[in-house]
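Residue strings, one per chain:
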Amino acid sequence: MDYNKLAEMLFPHIKETVTYYENQFPERSLPEGAKVTRLGPSPTGFIHLGNLYGAFVDERLARQSGGVFMLRIEDTDEKRKVEGSVEIIISSLKYFGLDFDEGALLDGDKGSYGPYYQSNRGLIYQCVAKYLVEQGKAYPCFCTEEELEEIRNKQTEANVNTGYYGKWAKDRELSIEDVQKHLDNGDEFVIRFRSMGTEEGIFEIEDAIRGRLSIHENYQDAVLLKTNGIPTYHFAHVVDDHFMRVTHVIRGEEWLSTLPIHYEIFKSIGWQHPVYCHTSHLMKMDNGSKRKLSKRKDPELGLGYYMDLGYHPAAVREYLLTILNSNYEEWRIENPDSPIDDFKFSLDKMSNSGALFDLDKLNNICKDVLLKIPADEIYEFLLDWSKAHKTEITEILEKNKEDVIKLLSVGRSGDKPRKDLMYCEQIFDFISYFFDEYFKIADSYPENIDNDEAKKLLELYLQTYDHSDDQSQWFEKIRIISQENGYAAKPKDYKKNPEMYKGHVGDVSSVIRLAIVGRSSSPDVWELQQIMGEEKVRRRIESIIK
């Protein structure tokens, strides 16, 4: 077989050689040990937590080593492509603070190793495919869908593995004359890889997360180029990672089954394969047992869930590191005020048995992270979020900027600061009592206080209320009201002798709190009154009395 002639017949339009692209995309000039990583999402309209999980690994490896972190859009599957998906991908990753050194942008590319959209790299794939044909390591296959189905049926009857391989690969040894006849007839063809593997063969490879793996060889003649000249994922991945000089590929464990074909293609061309790092699935507890996060069952799998609710990217990043590296929480305890980038991320501290995602834990971490962010910065984040996700509150936030910042600051200092803030939707709900448009009585009076008793206590409160009182003067007046109306001045007094009192000072405070805030739990009422102003405080209490 004259493989060079065959290659020219199949690819007459390809004039460049593999050497040309080797020179165009040379080895990168980076510090020793620098890692080059890439995130390669498909524009299918859904970017999920798993993408973000892997992207943080990519980003940490590149950043810590003085390497390169890039974004590559794997858009060769036209059937799955959804309009606007690239915008969603880029904006979502930007929201979570992932800045790429190079890669795909909405208005083009950034970097010298592109194009970074696979759909613009067709000639590169075809050049490498032509090279493989020249080497006798790839060949054209003219089988129709009906013929392939017939092969599968015969394999099933023979009780052997299905696929296109060995004696079942009917076009593997077509002559030049046979190929020419097909071409003259205008028959469609794919380019298949000529595998040298066997069904019994085993190879070993080092996975940076899972250690040494023993895996069955690839023996299938996988499709490299489809009938339209577009590459399959397997082929595009190999070509791109080589010419972009990727050193580490981080991807989910579901791709382990494809490792044999990728390994063999690299080996057949004579290229060094990157270090593979197969992460574990993100899991959640469901009725006492672990299961994979599901797009259908779990809205929290989609990144849009966190953006719509307004989770702060710093909090999400903090949480992801707790499930990415087993020693992160210990480090954070020892370094409570250190920037997150000071933590030395390590692949060998990653789980290979399923990383447990816990939304409650994320929310708790949000409280800790937001406590360290100045209130004015939280305000700006809340305002930006409202403009994109809750426009009806934007104006009210802008009009009341100073008061909102004060509200966000209440109780955040001292030895035991309040940790009330988690994400924007919850934050606005938490401070919404301040705005008359959103004020409502959400809770009930204490069980021992009925409406008439509550009104009497509120009337007495208004009679003594002086907006200029300091906190101790203010609370002393509440104590006096309590004592004069049959309530214990201290909760412990009531606990010792409950038969002597109607209740205690805390019950009276709750009535006042409900009238002003509408809730049985809130930050310090005296501080809230100072922010609200005397007029609003009196108006609210009077409306309850009436």
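Structure first, text after, so check above.
Below or above, wherever it landed, is the structure these notes cover.

**Brief notes about unusual backbone geometry**
Thinking step 1. Here the bond from Gly114 into Pro115 is cis, since omega is 5°, no more than 30 degrees from zero.
Thinking step 2. Topologically, Pro115 is positioned in the loop between strand E4 (108-110) and helix H5 (122-134).
Thinking step 3. Phi is positive for Arg245, which is not a glycine, with a value near 60°.
Thinking step 4. Within the secondary structure layout, Arg245 lies in the loop between helix H8 (233-243) and strand E10 (248-252).
Thinking step 5. With a phi close to 55°, Asn287 is a non-glycine residue in the positive phi region.

**Some words on the pattern of salt bridges**
Thinking step 1. Under the counting rule described, the total for this entry stands at 44 salt bridges.
Thinking step 2. One salt bridge connects Arg152 with Glu149, and the closest N-O pair in it is separated by 2.9 Å. Here Arg152 pairs with Glu149, and both are found in helix H6 (residues 145-157), just 3 residues apart, close to one helical turn.
Thinking step 3. The salt bridge involving Lys399 is made with Glu395; its shortest N-O contact spans 3.1 Å. On the criterion of helical spacing, the pair formed by Lys399 and Glu395 is a turn pair, its members being 4 residues apart in helix H15 (residues 394-399).

**Side note on the sheet that holds strand E6 (residues 190-193)**
Strand pairing in a sheet is mediated by backbone hydrogen bonds. Such pairs are either parallel or antiparallel.
Thinking step 1. Here 3 strands make up an open sheet; going across it, the order is E5-E6-E9 and the pairing antiparallel. Sheet topology places strand E5 (138-141) and strand E9 (223-225) at the edges, where each strand pairs with a single neighbour. Shown here is a sheet whose adjacent strand axes are inclined to one another by a mean of 45°, direction ignored.
Thinking step 2. Where E6 meets E9, 2 bridges bridge the pair, whose relative direction is antiparallel. Considered in E9, the bridge of Ile191 is made with Leu225.

**A short note on the packing of aromatic side chains**
Thinking step 1. All told, the structure shown has 26 aromatic pairs when counted by the stated rule.
Thinking step 2. Considering the side-chain rings of Tyr306 and Phe357, the 6.5 Å spacing of their centres and the 80° angle between planes classify their relative orientation as edge-to-face. Taken together, the residues span a long stretch of sequence, with Tyr306 in helix H10 (residues 303-309) and Phe357 in the loop between strand E14 (355-356) and helix H13 (359-371) at a distance of 51 residues. Just as Tyr306 is buried, Phe357 falls in that class too.
Thinking step 3. Every member of this aromatic cluster is reached through a ring pair, and the members are Tyr20, Tyr21, Phe25, Tyr113, Phe243 and Trp271.
Thinking step 4. If you follow Arg192 out to its NZ or CZ, it ends over the ring of Tyr164, 3.9 Å from the centre.
Thinking step 5. It is Lys536 that lies over the ring of Phe434; its NZ or CZ is 3.7 Å from the centre.

**Regarding the side chain of Arg251**
Thinking step 1. Note that Arg251 resides in strand E10.
Thinking step 2. For Arg251, which is buried and forms no salt bridge, the nearest opposite charge comes from Asp241, at a distance of 6.5 Å.
Thinking step 3. Side chain to side chain, Arg251 and Tyr233 meet in a polar contact 3.4 Å long.
Thinking step 4. One polar contact links Arg251 to His278, side chain to side chain, over a distance of 3.0 Å.
Thinking step 5. When residues no more than four places from it in sequence are discounted, the contact partners of Arg251 are Tyr233, His237, Thr258, Leu259, His262, Tyr276, Cys277, His278 and Thr279.

**Description of H6**
Thinking step 1. In this model, H6 (13 residues) spans 18 Å end to end at C-alpha, consistent with the 18 Å of a helix rising 1.5 Å per residue.
Thinking step 2. Residues Leu148, Ile151 and Gln155 constitute the buried set of H6. The buried residues of H6 all sit within an arc of 55° when viewed along its axis, so they share a single face. Residues of H6 that are exposed and point more than 90 degrees away from the buried face comprise Glu145, Glu146, Thr156 and Glu157.

**What to know about the packing of helix H11 (residues 313-324) against H13**
Working note: a packed helix pair is described by the angle between its axes plus the distance between those axes.
Thinking step 1. Across the interface, H11 lies against H13 with an axial gap of 9 Å and an inter-helix angle of 125°. Judged on the interaxial angle alone, H13 and H11 are oblique. Considering only the axes of H11 and H13, their crossing is right-handed. Residues Ala314, Ala315, Val316, Glu318, Tyr319 and Thr322 of H11 lie in contact with H13, whose contacting residues are Lys361, Leu362, Ile365, Cys366 and Val369.

The rules we used
- Residues numbered from 1 in each chain as written.
- Predicted model: local features only at pLDDT ≥ 70, side-chain atom pairs only at ≥ 80, totals over all residues.
- Heavy atoms only, no water.
- Helix = DSSP H or I, 4+ residues; strand = E, 2+ residues; numbered from the N terminus.
- Salt bridge = Lys/Arg side-chain N within 4 Å of Asp/Glu carboxyl O.
- Pairing = 2+ DSSP bridges.
- Axes fitted to C-alpha atoms, helices over the stretch in contact; angles between N-to-C directions.
- Phe/Tyr/Trp six-rings, centres within 6.5 Å; stacked < 30°, edge-to-face > 60°.
- Buried < 20%, exposed > 50% of the residue type's maximum accessible area, 1.4 Å probe, protein only.
- Lys NZ or Arg CZ within 6 Å of the ring centre and 35° of its normal.
- Lys, Arg positive; Asp, Glu negative; His and termini not counted.
- Polar contact = N/O pair within 3.5 Å; in protein donor to acceptor, adjacent residues only side chain to side chain.
- Contact = heavy atoms within 4.5 Å.
- Expected span 1.5 Å × (residues − 1).
- Arc of directions from axis to C-beta.
- Parallel < 35°, antiparallel > 145°, perpendicular 65-115°, else oblique.
- Left-handed = near helix turned anticlockwise from the far one by under 90°.

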